[in-house]
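# Commentary on secondary and tertiary structure
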Amino acid sequence: MFDYGELRTLLLAMIAERPRHGYELIKAIEERFGGSYSPSPGVIYPTLAWLDDMGYAAIEQEASGRKLYRITAEGEAFLVANRAAADDLLSRAGQGGTPDAPPAPVVRAMENLKLALRLRFRD
């Protein structure tokens, strides 16, 4: 769905719009792609940790225990330097993904098939 580094840029652009939780970002991406793509927590949370490690995002621990991700000055500078890429990703996501993307039920069926095959053939 994304080339190398594009998900990081998309997440950073989305938390620049407003601070968000990881689950909120997952749902927002799924919504922006019209249900044709939903990133897994195993992709989102390590990417958010990378953004924190690089100083592009800061984590604010809430009383409920949830983590709220905010953009930092370094993250803002990164987005300014990569504005065209960020705008392209936001535009692409806002249009329901790529024009030739399969419908959401087909994507889910393919993911289910991959999982079934992994479970069937694991050692």
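First, a word on what this report is: a plain description of the structure on this page. Quantities reported herein were computed from a predicted structural model and do not represent experimental measurements.

### Observations regarding the sheet that holds strand 3 (residues 67-71)
Across the sheet, which stays open at both edges, the three strands sit in the order 1-3-2 with antiparallel pairing between neighbours. The outermost strands of the open sheet, each flanked by one partner alone, are strand 1 (20-21) and strand 2 (57-61). Where strand 2 meets strand 3, five bridges bridge the pair, whose relative direction is antiparallel. From the neighbouring strand, Q61 faces strand 3, where its bridge partner is K67.

### Here's the deal with helix 1 (residues 6-17)
With twelve residues, helix 1 extends 17 Å between its outermost C-alpha atoms, agreeing within 8% with the 16 Å of an ideal straight helix rising 1.5 Å per residue. By the criterion of burial, helix 1 is predominantly enclosed, with ten of the twelve residues buried.

### Some points on the side chain of E6
Structurally, the position occupied by E6 is in helix 1. Of the residues examined, E6 reaches a relative accessible area of 17% and is grouped as buried. In this structure E6 touches L89 and R92, once residues within four positions along its chain are discounted.

### Considerations on the pattern of salt bridges
Charged atoms that come close allow side chains of opposite charge to pair. Summed over the entire model, instances satisfying the criterion amount to seven salt bridges. Put simply, E17 and R20 hold a salt bridge, and the shortest N to O gap is 2.8 Å. Its relative accessible area of 42% is what places E17 among the partly exposed residues. In this structure, the salt-bridge partner of R70 is E60, at a minimum N-O distance of 2.7 Å. Taken as a pair, R70 in strand 3 and E60 in strand 2 lie far apart in primary sequence, ten residues in all. Among the residues examined, R70 registers a relative accessible area of 34% and is labelled partly exposed. The class for E60 is partly exposed, based on a relative accessible area of 34%. A single salt-bridge network, built from bridges that share partners, covers E17, R20 and R32.

Definitions and limits used
- Residues numbered from 1 in each chain as written.
- Predicted model: local features only at pLDDT ≥ 70, side-chain atom pairs only at ≥ 80, totals over all residues.
- Heavy atoms only, no water.
- Pairing = 2+ DSSP bridges.
- Helix = DSSP H or I, 4+ residues; strand = E, 2+ residues; numbered from the N terminus.
- Expected span 1.5 Å × (residues − 1).
- Buried < 20%, exposed > 50% of the residue type's maximum accessible area, 1.4 Å probe, protein only.
- Contact = heavy atoms within 4.5 Å.
- Salt bridge = Lys/Arg side-chain N within 4 Å of Asp/Glu carboxyl O.

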